[in-house]
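# Examining the three-dimensional arrangement
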Amino acid sequence: MTKRKPLIAGNWKMNNTVSEAVVLAQEISNGYEKDWAELVDVCVCPPSVDLKAVRGVFLFDRTKVAVGAQNVYYEPKGAFTGEISVDMLSEIGCEYCIIGHSERRELFGETNEGVNLKAKALIAGRIKPIVCVGESLAVRDEGAYLDYVRVQVRAAFAGIEASEAAEAVVAYEPIWAIGTGRTATPEQAEEVCAAIRATLAELFGAEVAEGMRVLYGGSMNEGNAELLLAMPDIDGGLIGGASLKAGSFLTIVKAAL
Ligand code: PEP
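Criteria and cut-off values
- For every chain, the first residue of the written sequence is number 1, and numbering continues from 1 along that sequence.
- Local features in this predicted model are restricted to residues of pLDDT 70 or higher, and side-chain atom pairs are both shown and tallied only at a pLDDT of 80 or more, whereas totals for entire chains, interfaces and linings draw on every residue.
- To obtain the side-chain values, all non-hydrogen atoms of the structure were included, while hydrogens and water were left out.
- Here a salt bridge means any side-chain nitrogen of Lys or Arg lying within 4 Å of a carboxyl oxygen belonging to Asp or Glu.
- Only protein chains enter the accessibility calculation, which uses a 1.4 Å probe; a residue whose area is less than 20% of its type maximum is buried, one above 50% is exposed, and one in between is partly exposed.
- Secondary structure elements are taken from DSSP: a helix is a run of H or I of four residues or more, a strand is a run of E of two residues or more, and numbering for both begins at the N terminus.
- By convention in these notes, a residue is near a molecule or strand provided one of its non-hydrogen atoms lies within 4 Å of it.
- The definition of a polar contact used here is a pair of N or O atoms within 3.5 Å, where within protein one atom must be able to donate a hydrogen and the other to accept one, and adjacent residues in sequence count solely through side-chain atom pairs.
- Areas reported as accessible are Shrake-Rupley estimates using a 1.4 Å probe. Residue values count occlusion only from the protein chains shown.
- In this count, Pro and Cys sit with the nonpolar residues alongside Ala, Val, Leu, Ile, Met, Phe, Trp and Tyr, while Asp, Glu, Lys and Arg are called charged and the others, Gly among them, polar.
- The pairing criterion is simple: DSSP has to find at least two bridges between the two strands.
- What counts as an axis is a line fitted to C-alpha atoms, over the stretch in contact for a helix, and the angles between N-to-C directions run from 0 to 180 degrees.

### Overview of the pattern of salt bridges
When charged atoms on two side chains of opposite charge get close, those side chains can pair. Inspection of the entire model under this criterion finds 14 salt bridges. Between E135 and R140 there is a salt bridge whose closest N-O contact spans 2.7 Å. You can call E135 buried: its relative accessible area is 0%. With its nearest N and O atoms 2.7 Å apart, the salt bridge here joins R150 to D147. Of the two residues, R150 and D147 both sit in helix α7 (residues 145-156), three residues apart, roughly one turn of that helix. Judged by its relative accessible area of 46%, D147 is partly exposed. Each of R4, R197, E210, D233 and D235 takes part in one network of salt bridges that share partners.

Written out as structure tokens, the structure reads:
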């Protein structure tokens, strides 16, 4: 079986001005140990206005922490007020971009179709999409959560070839666990992450699916990361609240080593 390199990604959401972001990035850089790079990929996703400065901190220190965006628009350029293109992210050195986060789906009307267009644009621009999927509490209580997530995964990757999908990342983020302090148990998270991988195998074949990273996100913290990351189909974490403190974030990174 392919050994997947874990990815720990911090989603800073709408937190930190440029000066605050530089302080946090510097704290992460100071605590990051160079030999971790062999064993784990680390990425932070600050607000877009902070990206360049945060990237500058890691570049200056030669710290192997990548930067990612929290959103992108799929058109290459033009009259799309307020939007940011793949090329803009690429030029400042973004390696990853979160798409389909439940907050964007719920608050900003992001659809499965939009996520698919963004995934295609990112892949074409060589930025790795972190495709977020996950069910609400109502869907979970109803019992149809695996089907719900499978539909999201199939929609996100519609029309994408296996050779293009290999670098993409999927993050399973049950909405009921995001920012609530109520984490999925390792078994609950594993069940859905395994179903995501099985869906990826249907789409792209077993070999590609075995190499793709599936993350868990939803109130992951210093106390629960180790058990979640030990599950066979969980290849890392997308961390919200706990990524805003360098100490907590780095402890989660260490749990992935
Ligand atoms: C997120 O929103 O991506 C997330 C996982 O948030 P939190 O860790 O705060 O639940």
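### Focus on the site of the ligand
In the neighbourhood of the ligand, 14 residues make up the surrounding shell, with K13, H101, E173, G179 and S219 lying closest. Here an oxygen atom of the ligand sits 2.7 Å away from a polar atom, N or O, in the main chain of S219. Within the backbone of G240, a nitrogen or oxygen atom sits 2.8 Å from an oxygen atom of the ligand. Protein chains shield 95% of the accessible area of the ligand, which is 290 Å² for the free molecule. Residues belonging to the shell around the ligand are distributed by class as follows: four nonpolar, eight polar and two charged.

### Topic: the pairing of strand β6 (residues 169-172)
Here β6 shows two buried faces, one formed by V169 and A171 and the other by V170 and Y172. Note: strand β5 (residues 128-133) against β6, four bridges, orientation parallel. Considered in β6, the bridge of C132 is made with A171.

### Details of the sheet that holds strand β3 (residues 65-69)
Strand order around the closed barrel formed by eight strands is β1-β2-β3-β4-β5-β6-β7-β8, with parallel pairing between neighbours. The average undirected angle you get between the axes of adjacent strands in this sheet is 25°. Taken together, the two bridges between strand β7 (residues 213-217) and strand β8 (residues 236-239) define a ladder with parallel strand orientation. The partner of Y216 across the bridge, within β8, is G237.

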